[in-house]
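Residue strings, one per chain:
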Amino acid sequence: MRHYLLFSVLLLTATGNLTAQDSAAPGFTDQTANLGLELGGTGACWADLNNDGWPDLCCGGTVWKNEQGQKFSRLATGLGELIAADFNNDGFVDLFSWSNFKLYKNIDGKEFIPIDLPELPASVSLGACWADFNRDGYIDLYVGGYEDWGNGITYPDRFLMNEKGTAFRLARTDTQYRARGVTACDYDLDGDPDIYVSNYRLQPNLLWVNDGSGTFENKAPALNAIATSDKFGGGHSIGAAWGDFNNDGLIDLFAGNFAHRDSRGNQPQSRFLKNLGSDQGYAFEDRGTSGVFYQESYASPAAGDFDNDGNLDLFFTTVYGTASFGKKNNAVLYKNQTDFQFSDVTAVNQLENLPPTYQAAWADYDCDGDLDLITANKLYQNQLKKGHWLKVLVHGNGTDLNRSAISTVVKVIAGKHVFTRAVEAGTGQGNQNEMTLHFGLGKIDAPVSIEIMGPNQKSQTFPSIDFDRLITIQQLENGNFEITKDN
């Protein structure tokens, strides 16, 4: 069995205090037009497609090249809604369209060539995710299947296994429910990625737990991960987001529900599911809404530490908009106040009254150390007063670990503080955050050591690394690691 890769970023001393940073108006500002962007579509995906260190943007079928944070230029069009990862381990991030079921090979970051996929059953999809399900060093695909409501058709979810970067094979289909968002993470830290599927029509969500060989069992009921209520078997779930929301070193889950209140009764609201760890078999404790107030039409969540205070915050879209259907439903930015307590900071950050959207994804597009946000076909630049930060970009060797390092878990430890992130390729409904991992450190100002435990269980330490910078770590062919970039 291959052992998983765990990056623990250890702060050797912590002379500063971890405190929330004061916001400085105007918070987020719309830079869409200034950057030359003309955006559309329902999802958004961030990925560095040409390896220049600046995250590029895929949105509404168009690939936008990031010109060093100053502007964006069109690189390709007509590709569909996309997620990104390096499927053939050639060092360039490729693209998969969940909306038109096409795979595109990245040629030197300049063009995207369609690659044949196996014949697939007819389907409609609203989201997909990449992860190496069988741990062979190549990333696989899980593609959600939705519905034809009028004709009573449920389309199948599909597991597509990567044949060493040369082709994909259809390994399994599942037609139990009507999937919307799909997201994968090694939440139980056993070295293989697990999958959470958000299902609509008051159907239960799925937690596909991986046995390490790419064989899955749905353990959502047993582990209390359905996000339901006493009356309903499931929610109108649209998207979910993994994240360590209480900084205990374990990956928790936020399950988003579109919750009607009608003649059927009050349907289950969105909720936080706390990971209870190994002593409880990695079951989840339902922490309820934790300050996420009721709106009927919540849709796609995205987790990120927007204010660099060390706590993972939440942005949550809606699909009614102001006064739609006689109701006011708008996207909300929730600040994490620690220990599953969230507060609405939308207005103070200039994000109020956003229109209906499923689109939400975080990235540091201008590489200034804080997270920027794409939503509702606008790119919002983060203007907040920043705390200290650290970014970690990992590249696997393509044998022990896929080149994109998807499912890698990274921990930052500073005295009693623990910060945990995971590399993911697919979140919410049809979105993808930047794969470079971002850690807010608040006012902690100690030197940093990076301790790495690789798949071969060899431990490496890189001492005396300063914060407020990007650390790029490359896995060598022998399984060891080295810092290739520190800036």
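Once a new chain begins, its residue numbering starts again from 1 and follows that chain's sequence as written. Under the rules for a predicted model, residues below a pLDDT of 70 receive no local features and side-chain atom pairs below 80 are neither given nor counted, while totals for whole chains, interfaces and linings still include all residues. Heavy atoms throughout the structure, all of them, feed into the side-chain values; hydrogens and water do not.

1. So, the overall build of the protein chain
Step number 1: Comment: elements are numbered from the N terminus, with helices defined as DSSP H or I runs of at least four residues and strands as E runs of at least two. Within the protein chain, the secondary structure is distributed over zero helices and 41 strands.
Step number 2: What the globule rule says is 2.2 Å times the number of residues to the power 0.38, and the radius of gyration is computed from C-alpha atoms. At 21 Å, the protein chain has a C-alpha radius of gyration in line with the 23 Å of a compact globule built from 487 residues.
Step number 3: Projecting the C-alpha coordinates of the protein chain onto the three principal axes gives extents of approximately 60 × 50 × 50 Å.
Step number 4: Only protein chains enter the accessibility calculation, which uses a 1.4 Å probe; a residue whose area is less than 20% of its type maximum is buried, one above 50% is exposed, and one in between is partly exposed. A burial count over the protein chain gives 63% of its 487 residues as buried.
Step number 5: Residue contacts follow a heavy-atom distance rule, with two residues in contact if any of their heavy atoms lie within 4.5 Å. For the protein chain, the proportion of contacts with a sequence separation of at least 24, taken over those separated by at least 6, is 56%.
Step number 6: Of the roughly 17,000 Å² of accessible surface on the protein chain, a fraction of 46% belongs to carbon and sulfur atoms.
Step number 7: For the protein chain, the distance from the average site of its 37 positive side-chain charges to the average site of its 61 negative ones is 3 Å. Here the Shrake-Rupley method, with its probe set to 1.4 Å, supplies the accessible areas, and only the displayed protein chains count as covering residues. Charge assignment in this entry is limited to Lys and Arg as positive and Asp and Glu as negative, and neither His nor the chain termini are counted. Taken as the charge centre is NZ of Lys, CZ of Arg, CG of Asp or CD of Glu, depending on the residue.

2. Digging into the pairing of strand E18 (residues 194-199)
Step number 1: Of all six residues that make up E18, six are buried, and the element is covered over most of its length.
Step number 2: Alternating positions in E18 separate into two faces, Asp-194, Tyr-196 and Ser-198 on one and Ile-195, Val-197 and Asn-199 on the other, with burial throughout.
Step number 3: When strand E17 (residues 179-185) meets E18, the two strands line up antiparallel, connected through five bridges. The partner of Val-182 across the bridge, within E18, is Val-197.
Step number 4: Pairing of E18 with strand E19 (residues 206-210), which is carried by three bridges, proceeds in the antiparallel orientation. Two strands form a pair only when DSSP identifies at least two bridges running between them.

3. What to know about the sheet that holds strand E16 (residues 168-174)
Step number 1: Spatial strand order, E11-E12-E15-E16: four strands in an open sheet with antiparallel pairing. Pairing within the sheet leaves two strands with one partner each, and these edge strands are strand E11 (128-131) and E16. Each strand of the sheet is rotated relative to its neighbour by a mean of 20°, with strand direction disregarded.
Step number 2: In terms of strand pairing, E11 meets strand E12 (residues 140-143) through four bridges, oriented antiparallel. Paired with Ala-131 across the bridge in E12 is Asp-140. In this description, a line fitted to the C-alpha atoms serves as the axis of each element, helices being fitted only across the stretch in contact, and the angle between N-to-C directions of two axes falls anywhere from 0 to 180 degrees.

4. Concerning the side chain of Ser-404
Step number 1: Checked against the element boundaries, Ser-404 lands in the loop between strand E34 (388-395) and strand E35 (409-414).
Step number 2: Throughout this description, a polar contact denotes any pair of N or O atoms lying within 3.5 Å of each other; where both atoms belong to protein, one of them has to be capable of donating a hydrogen while the other can accept it, and for residues adjacent in sequence the pair is counted only when both atoms sit in side chains. In terms of polar contacts, Ser-404 uses its side chain to reach the backbone amide nitrogen of Asp-86, at 3.0 Å.
Step number 3: If near-sequence neighbours (up to four positions away) are discounted, Ser-404 is found in contact with Ala-85, Asp-86, Val-394, Val-423 and Met-435.

5. Brief notes about the pattern of salt bridges
Step number 1: Salt bridges are identified by distance alone: a Lys or Arg side-chain nitrogen within 4 Å of an Asp or Glu carboxyl oxygen. If you walk through the whole model with that rule in mind, you get twelve salt bridges.
Step number 2: Salt-bridge contacts for Arg-178 lead to Glu-147; the nearest nitrogen and oxygen are separated by 2.7 Å. A residue pair is termed long-range when its members are at least 10 positions apart, and Arg-178 in the loop between E16 and E17 and Glu-147 in strand E13 (residues 147-148) qualify at 31 residues.
Step number 3: Given the relative accessible area of 9%, Glu-147 is considered buried.
Step number 4: Where Lys-335 meets Asp-309, a salt bridge forms, and the shortest distance between an N and an O atom there is 2.9 Å.

6. Some details on the nonpolar core
Step number 1: We call a set of buried Ala, Val, Leu, Ile, Met, Phe, Trp, Tyr and Cys residues a nonpolar core when their side-chain atoms join them within 4.5 Å. Membership of the largest hydrophobic core comes to 65 residues, with the highest contact counts inside it found for Val-63, Leu-95, Phe-96, Trp-130, Tyr-142, Ile-195 and Ile-406.
Step number 2: If you look at the next biggest cluster of nonpolar residues, it comprises 23 residues, including Tyr-187, Ala-220, Leu-223 and Leu-250.

7. A look at the packing of aromatic side chains
Step number 1: Each aromatic pair joins two rings of Phe, Tyr and Trp (for Trp, the six-membered one) with centres within 6.5 Å, and gets the label stacked for planes under 30 degrees apart, edge-to-face for over 60, and tilted for any other angle. In total, this model carries 27 aromatic pairs according to the counting rule given.
Step number 2: Taken together, the ring pairs in this structure connect Phe-245, Phe-254, Phe-272, Tyr-298, Phe-316, Phe-340 and Phe-342 into an aromatic cluster.
Step number 3: The criterion for a charge sitting over a ring is simple: Lys NZ or Arg CZ within 6 Å of the ring centre, and within 35 degrees of the ring normal. Over the ring of Tyr-200 we find Arg-180, and its NZ or CZ is 4.6 Å from the ring centre.
Step number 4: Across from the ring centre of Tyr-294, 3.6 Å away, lies the NZ or CZ of Arg-261, which sits over that ring.

8. Section: the sheet that holds strand E25 (residues 271-275)
Step number 1: Pairing is antiparallel across the open sheet formed by four strands, whose spatial order is E21-E22-E25-E26. Strand pairing shows two members of the sheet lacking a second neighbour, strand E21 (237-243) and strand E26 (284-286), which therefore form its edges. Adjacent strand axes in the sheet meet at a mean angle of 25° when their direction is disregarded.
Step number 2: As paired strands, strand E22 (residues 252-257) and E25 are joined by three bridges and run antiparallel to one another. In the strand pairing of E25, Phe-254 is matched with Phe-272.

9. What to know about the environment of Glu-163
Step number 1: By the secondary structure assignment, Glu-163 is in the loop between strand E15 (157-162) and E16.
Step number 2: In this structure Glu-163 comes out as partly exposed when scored by relative accessible area, which is 34%.
Step number 3: A C-alpha to C-alpha distance of 9.4 Å links Glu-163 and Asp-136, two positions 27 residues apart in sequence.
Step number 4: When sequence neighbours within four positions are dropped, the list of residues in contact with Glu-163 reads Phe-168 and Arg-169.
Step number 5: A polar side-chain atom of Glu-163 sits 3.0 Å from a polar atom in the side chain of Arg-169.

10. So, the side chain of Arg-180
Step number 1: Relative to the assigned elements, Arg-180 resides in strand E17.
Step number 2: Of the buried charged residues, Arg-180 lacks a salt bridge, with Glu-147 as the closest side chain of opposite charge at 6.6 Å.
Step number 3: A distance of 3.3 Å separates a polar atom in the side chain of Arg-180 from a polar atom in the side chain of Tyr-358.
Step number 4: Side-chain polar atoms of Arg-180 contact the side chain of Gln-429, separated by 2.8 Å.
Step number 5: The residues touching Arg-180, leaving out its near neighbours within four places in the chain, are Leu-126, Gly-127, Tyr-146, Ser-198, Tyr-200, Ser-237, Ile-238, Tyr-358 and Gln-429.

11. Examining unusual backbone geometry
Step number 1: Even without a glycine there, the phi angle at Leu-202 is positive, about 60°.
Step number 2: Leu-202 gets classed as buried once you look at its relative accessible area, which sits at 18%.
Step number 3: You will see that Gln-350, though not glycine, has its phi angle at about 60°, which is positive.
Step number 4: Relative to the helices and strands, Gln-350 resides in the loop between strand E30 (342-344) and strand E31 (360-363).
Step number 5: Classification of Gln-350 as partly exposed rests on a relative accessible area of 39%.

12. Section: the confidence of the model for the protein chain
Step number 1: What pLDDT expresses is the predictor's confidence in each residue, scored from 0 to 100. In the predicted model, the protein chain carries a mean pLDDT of 90, and 92% of its residues have values of at least 70.
Step number 2: A low-confidence stretch, residues 1-24 stays under pLDDT 50, and its non-local contacts, those more than four residues away or across chains, total 101 contacts.

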